[in-house]
Amino acid sequence: MTYQANPQRYDAMPYRRCGKSGLKLPLLSLGLWHNFGDNTPIAVQRDMLRTAFDLGITHFDLANNYGPPYGSAEANFGQLYRQDFKPYRDELIISTKAGWDMWPGPYGQGGGSRKYLLASLDQSLQRMGLDYFDIFYSHRYDAETPLEETMGALATAVQQGKALYVGISSYSPAKTLEASNLLREWKIPCLIHQPSYNLLNRWIERDLLNTLQAEGMGCITFTALAQGLLSDKYLSGIPQDARINRPGGNSIQPGHLSEANLKRIRGLNEIALRRGQSLAQMALAWVLRDERITSTLIGASNSQQIRENVAALQNLAFSSAELAEIDGLAQEGGIDLWAGSSSEWK
């Protein structure tokens, strides 16, 4: 049956302006990191994408190596885009990234070289059947490549009409500032930064958010739910169907489920219940409490999870007492897998 988007899709979703740009993003964006590879039935993927768009989520975020296998999330999205979403292209923000290993040989191992970034961009456009991306990211800082080369490649993507905007992900405050200044030389703004951020991983509060605000850049965070840790999934231990027990689930490590982290998670869950929210809903609302956060990415394995996440937007307000109580529990949990890329503090 031909997909017809919900006519009321814009009635409830709030949108925030991305830094000082003219672009607005929904408070929740859908990330296709997990559950959009070939190990997930295409019908399930279609249901999730339709549900998201019907609820006002206009931004779909991918990367070249999302899967498994690498490239399959982009290919699957491209199939569903052609079948369902092509009539709505001008209502969508579609982004992808390049920076981690992708194909064999020295030119496909990731990083920030011009060769790798622009080749990956062309591959991604082909897999998804698009003429351009709304946002193209440098997925990580690469200390082995001059930043001038990496930002020059992003500038070329815009100049060639293959990206409307460019951004960076998991860059330190100092390298963020440097990247922004370099792009400014081409009169191309660095639109947005995509860092990891959640109740157990608060590194962006030290300096990054202030840097982004000063540079007029937006911020779209990922792992607001700490890959499921900040949900009710682990309150009573590790369930059999948890990501840690599935192929490709090594992004959750046994140390992340330490007793100290689980104790904090249970305490945070008690606060959420008093607010009339699930832990996941409160975790999303907490990330969005700061107006400098343009949007936060959600992941899902089914459409019901998307609906539950969007319901978090019905209660975004926190009292000062709630925030103080949360601060006592929201301590660094040693779960930041991207610290290596964002630790260049020079």
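See the structure printed just above.
Residues numbered from 1 in each chain as written. Predicted model: local features only at pLDDT ≥ 70, side-chain atom pairs only at ≥ 80, totals over all residues. Heavy atoms only, no water.

J.: Outline the sheet that holds strand 10 (residues 295–298), supporting the account with residue identities and numerical values.
T.: Ordered in space as 3-4-5-6-7-8-9-10, the 8 strands form a closed barrel in which the pairing is parallel. Direction aside, the axes of adjacent strands within the sheet are offset by 30° on average. The pairing of strand 3 (residues 28–31) with strand 10 spans 3 bridges and is classified as parallel. The partner of Ser29 across the bridge, within strand 10, is Leu297. Most of the contacts of helix 3 (residues 114–128) go to strand 6 (residues 133–138), to which it runs at about 145°, and overall it touches strand 5 (93–98) and strand 6. (Pairing = 2+ DSSP bridges. Helix = DSSP H or I, 4+ residues; strand = E, 2+ residues; numbered from the N terminus. Axes fitted to C-alpha atoms, helices over the stretch in contact; angles between N-to-C directions. Contact = heavy atoms within 4.5 Å.)

J.: Run through the pattern of salt bridges, naming residues and quoting values.
T.: Applying the stated criterion across every chain, the model contains 16 salt bridges. The partner of Arg46 in a salt bridge is Asp84, and the shortest N-O contact between them spans 3.3 Å. Of the two residues, Arg46 is situated in helix 1 (residues 42–54) and Asp84 in helix 2 (residues 72–85); the sequence distance between them amounts to 38 residues. Residue Arg46 shares its accessibility class with Asp84, and that shared class is buried. Notably, a salt bridge pairs Lys162 with Asp122, separated by 2.7 Å at the nearest N-O pair. Residue Lys162 is found in the loop between helix 4 (147–159) and strand 7 (163–169), and its partner Asp122 is found in helix 3; the two are separated by 40 residues along the sequence. (Salt bridge = Lys/Arg side-chain N within 4 Å of Asp/Glu carboxyl O. Buried < 20%, exposed > 50% of the residue type's maximum accessible area, 1.4 Å probe, protein only.)

J.: An account of the pairing of strand 3 is requested, with residue identities and associated values reported.
T.: Covered by surrounding structure in strand 3 are Leu28 and Leu30 together with Ser29 and Gly31, the residues of both alternating faces. Strand direction decides the pairing type here: strand 3 and strand 4 (residues 59–61), joined by 2 bridges, are parallel. When the sheet's bridge partners are listed, Leu30 is paired in strand 4 with Phe60. Read as a crossover between parallel neighbours, the route from strand 3 over helix 1 to strand 4 is right-handed. (Right-handed = clockwise from strand over helix to strand, strands pointing away.)

J.: Which residues make up the side chain of Asn65, and what values do they have?
T.: In this fold, Asn65 is placed in the loop between strand 4 and helix 2. Of the polar contacts made by the side chain of Asn65, one reaches the backbone oxygen of Asp101; its length is 3.5 Å. When neighbours within four sequence positions are excluded, Asn65 is seen to be in contact with Tyr70, Gly71, Trp100, Asp101 and Met102. (Polar contact = N/O pair within 3.5 Å; in protein donor to acceptor, adjacent residues only side chain to side chain.)

J.: Give a description of the nonpolar core that names residues and reports values.
T.: One finds Leu30, Ile57 and Phe60 to be the most contacted residues of the largest nonpolar core, which totals 93 residues. The element best represented in this core is helix 8 (residues 279–287), accounting for 8 residues. Sequence-distant contacts of Phe60, that is, excluding residues within four places in its chain, are made with Leu30, Leu32, Leu49, Ala52, Phe53, Phe77, Leu92, Ile93, Ile94 and Ser95. Judged by nonpolar contacts, the second largest core, of 11 residues, contains Leu23, Ile93, Ile192 and Ile220. (Core = buried A, V, L, I, M, F, W, Y, C linked by side-chain atoms within 4.5 Å.)

J.: Can you explain the packing of aromatic side chains? Please cite residues and give values.
T.: Centre-to-centre distance and the angle between the planes together describe a pair of aromatic rings. Scanning all chains against the criterion turns up 11 aromatic pairs. Among the aromatic side chains, those forming a connected cluster through ring pairs are Tyr3, Phe53, Phe60, Phe77, Tyr81, Phe85 and Tyr88. Lying over the aromatic face of Tyr107, Lys115 brings its terminal NZ or CZ to 5.7 Å of the ring centre. (Phe/Tyr/Trp six-rings, centres within 6.5 Å; stacked < 30°, edge-to-face > 60°. Lys NZ or Arg CZ within 6 Å of the ring centre and 35° of its normal.)

J.: Can you explain the environment of Ile42? Please cite residues and give values.
T.: Checked against the element boundaries, Ile42 lands in helix 1. The spatial distance from the C-alpha of Ile42 to the C-alpha of Leu80 is 8.4 Å, given a sequence separation of 38 residues. In contact with Ile42, other than residues within four places in its own chain, are Asn76, Gln79 and Leu80.

J.: If you had to explain the environment of Thr40 to someone new, which residues and values would you point to?
T.: With respect to the helices and strands, Thr40 occurs in the loop between strand 3 and helix 1. Spatially, the C-alpha atoms of Thr40 and Ala73 are 9.8 Å apart, while their sequence positions differ by 33 residues. If near-sequence neighbours (up to four positions away) are discounted, Thr40 is found in contact with Asn35 and Gln45.

J.: Give a detailed account of the pairing of strand 7, specifying residues and quantitative values.
T.: Regular strands have side chains that alternate between both faces of the sheet. Burial within strand 7 is extensive, with 5 of its 7 residues counted as buried. Looking at chain direction, strand 6 and strand 7 are connected through 5 bridges and run parallel. Within the sheet, the bridge partner assigned to Ile135 lies in strand 7 and is Tyr165. As for the winding sense of the linkage, the β-α-β connection from strand 6 through helix 4 to strand 7 is right-handed. In this structure, strand 7 lies alongside strand 8 (residues 190–194), joined through 4 bridges in parallel fashion. Within strand 8, the residue paired with Ile168 across the bridge is His193. Each parallel crossover has a hand, and the one from strand 7 via helix 5 (residues 173–185) to strand 8 is right-handed.

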